[in-house]
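Notes for the structure review
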Amino acid sequence: MDRIIIENLEVFARHGVFPEENVLGQKFLFSLTLWTDTRRAGISDALEDSVNYGEVCHLVQEYATSHTFRLLEALAENLVEELLIRYPSLSQVDLTIRKPWAPVGLPLESVGVAISRKRHLAFIALGSNMGDRRGYLDGAVRALRERRDCRVLQVSDYLVTEPYGGVEQEDFLNGALSLETFLSPEELLDVLHEIEAAADRRREVRWGPRTLDLDILLYDDLVLDLPQLTIPHREMHLRSFVLDPLRQIAPWKRHPLLGLTVESMAEKLRQNT
């Protein structure tokens, strides 16, 4: 991926742990690497086909002077998120903030924080078999669309499916969606649990009825195995109610462990049932 680089932009702002830093202010140095595809701009020689680094510099200056944070970590996190939201063509932002006049009582050149944040592609399964099933699924999609740190890309049709797991209950309405997010997998899981809780989801019976069920199926090509979260979803390749809606929006997506596309997994499962 191509990069646009900004080195040591000087901004006088008010950030720091000590109250006087938030009042008197001091100099900060911002260095950024903007990851983006410059091919189109290189051919057209048109600024509108690129990311205007002058505009980015002014945004950094405006954001840093109009906000006050105690920690450089907080300033960096919020500034990078703002840049990724403002510029959809950026796939990743690397940011270093240096404070040359850090009040540590010892001679030093500067202290700083460096972070790197990127867009991640996640696929989410949706299900409901209680009450207004379509309303619960639509509400979950809407809740994700309203977040600044998520951008819903595609939503499948909602399919009526039989219950899974042997518990007698009503048929499900199932779907899948893809989204870009700045959230980590654990943070995204917390968000999904919050949306489920708002729909009065209760975890009382394994594979039992629920107003809303949201699961992370895939997250980039990540393989993760934690007590509270497994990616890829442990049984997605065995569940037609997951694969059928997912194949509508991402038939090409490969399972990072099995090496099979969603289309191939769905067809293999159909042949075995």
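For the structure itself, consult the block above.
The present account deals with the structure reproduced in this document. Every chain is numbered independently, its residues counted from 1 as its sequence is written. At least 70 in pLDDT is required for a residue's local features to be given in this predicted model, at least 80 for side-chain atom pairs to be given and counted, and no such filter applies to totals for whole chains, interfaces and linings, which use all residues. With hydrogens and water set aside, each side-chain value is computed from the structure's full complement of heavy atoms.

Some remarks on the overall build of the chain
Definition in use: Each helix is a run of H or I in the DSSP string that is no shorter than four residues. Each strand is a run of E no shorter than two, and both are numbered from the N terminus. Each residue is assigned to one of three classes by its accessible area relative to the maximum for its type, calculated with a 1.4 Å probe on protein chains only: buried under 20%, partly exposed between the two thresholds, exposed over 50%. Whether two residues touch is decided by their heavy atoms; if any such pair falls within 4.5 Å, the residues are in contact. Areas reported as accessible are Shrake-Rupley estimates using a 1.4 Å probe. Residue values count occlusion only from the protein chains shown.
From N to C terminus, the chain includes eight helices and eleven strands. Each principal axis of the C-alpha atoms in the chain carries an extent, and together these give about 70 × 50 × 30 Å. For the chain, the residues scored as buried account for 45% of the 273 residues in total. Look at the contacts in the chain between residues 6 or more apart in sequence, and 64% of them connect residues 24 or more apart. About 14900 Å² of surface is accessible on the chain, with carbon and sulfur atoms providing 49% of the total.

Things to note about the pairing of strand β2 (residues 26-35)
Spelled out, the test is: Here, any two strands with at least 2 DSSP bridges between them count as paired.
Most of β2 sits out of view: eight of its ten residues are buried. In this structure, strand β1 (residues 3-13) lies alongside β2, joined through nine bridges in antiparallel fashion. Residue pairing across strands places Ile-5 opposite Thr-33, the latter belonging to β2. In this structure, β2 lies alongside strand β3 (residues 92-99), joined through seven bridges in antiparallel fashion. For Thr-33, the partnering residue across the bridge sits in β3 and is Asp-94.

Some remarks on the sheet that holds strand β4 (residues 111-118)
Where we set the bar: Working convention: axes come from line fits to C-alpha atoms, limited for helices to the stretch in contact. Angles between N-to-C directions cover 0 to 180 degrees.
Pairing within the open sheet is antiparallel, and its four strands lie in the order β1-β2-β3-β4. Unpaired on one side and paired on the other, β1 and β4 mark the two borders of the sheet. For this sheet the average axis-to-axis angle between neighbouring strands, irrespective of direction, equals 15°. The strands touched by helix α3 (residues 53-66) within the sheet are β1 and β2, with β1 carrying the most contacts at an inclination of about 35°. Contacts between helix α4 (residues 72-86) and the sheet are confined to β2, β3 and β4, with β3 contributing the most and set at about 145° to the helix.

A closer look at unusual backbone geometry
Glycine aside, residues mostly have negative phi, and peptide bonds are mostly found in the trans state. Going from Ile-231 to Pro-232, the amide bond is cis rather than trans, its omega being 0°. Phi angles above zero are rare outside glycine, and Asp-45 is one such case at about 60°. Relative to the helices and strands, Asp-45 resides in the loop between α2 (39-44) and α3. The phi dihedral of Asp-220 falls on the positive side, at around 50°, and the residue is not glycine. One can find Asp-220 in the loop between β9 (213-219) and β10 (224-225). According to the relative accessible area criterion, Asp-220 is partly exposed, its value standing at 22%.

Some thoughts on the side chain of Ser-156
Within the secondary structure layout, Ser-156 lies in the loop between β6 (150-155) and β7 (159-161). What makes Ser-156 buried here is its relative accessible area of 6%. Each residue touching Ser-156, except ones within four places of it in the same chain, is listed here: Gly-175, Ala-176, Pro-245, Gln-248 and Ile-249.

So, the nonpolar core
Using the following cut-off: Each nonpolar core is a collection of buried residues, namely Ala, Val, Leu, Ile, Met, Phe, Trp, Tyr and Cys, held together in the definition by side-chain atoms within 4.5 Å.
Core analysis: the largest hydrophobic core is formed by 32 residues, its most contacted members being Phe-30, Leu-32, Leu-34 and Leu-95. Broken down by secondary-structure element, the contributors of at least two residues to this core are β1, β2, α3, α4, β3 and β4. The element contributing the most residues to this core is α4, with seven residues. With sequence-adjacent residues up to four places away left out, Leu-32 is seen in contact with Ile-4, Ile-5, Ile-6, Val-60, Leu-83, Val-93, Asp-94 and Leu-95. Judged by nonpolar contacts, the second largest core, of 27 residues, contains Ala-140, Leu-179, Ala-199 and Leu-224.

Thoughts on the packing of aromatic side chains
As a reminder of what qualifies: The pairing test for Phe, Tyr and Trp rings, Trp by its six-membered ring, is centres within 6.5 Å, and the orientation test on the planes gives stacked under 30 degrees, edge-to-face over 60, and tilted for anything in between. Put simply, a charge is over a ring when the Lys NZ or the Arg CZ is close to the ring centre, within 6 Å, and near the line of the ring normal, within 35 degrees.
Tallying each qualifying case throughout the model produces one aromatic pair. The side chain of Arg-3 reaches across the aromatic face of Trp-35, ending 5.3 Å from its centre.

Focus on the packing of α3 against α4
Selection criterion: Throughout this description, any angle smaller than 35 degrees is read as roughly parallel, any larger than 145 degrees as roughly antiparallel, any in the 65 to 115 degree range as roughly perpendicular, and the remainder as oblique. The sense of a crossing depends on the near helix, which, turned anticlockwise from the far helix by less than a right angle, makes the crossing left-handed and, turned clockwise, makes it right-handed.
Contact geometry for α3 and α4: axes closest at 11 Å, N-to-C directions at 140°. If you check the angle between α3 and α4, you find them oblique. For the element pair α3 and α4, the recorded crossing hand is right-handed. Here Val-56, Leu-59, Val-60 and Tyr-63 of α3 lie close against α4, whose contacting residues are Asn-78, Leu-79, Glu-82, Leu-83 and Arg-86.

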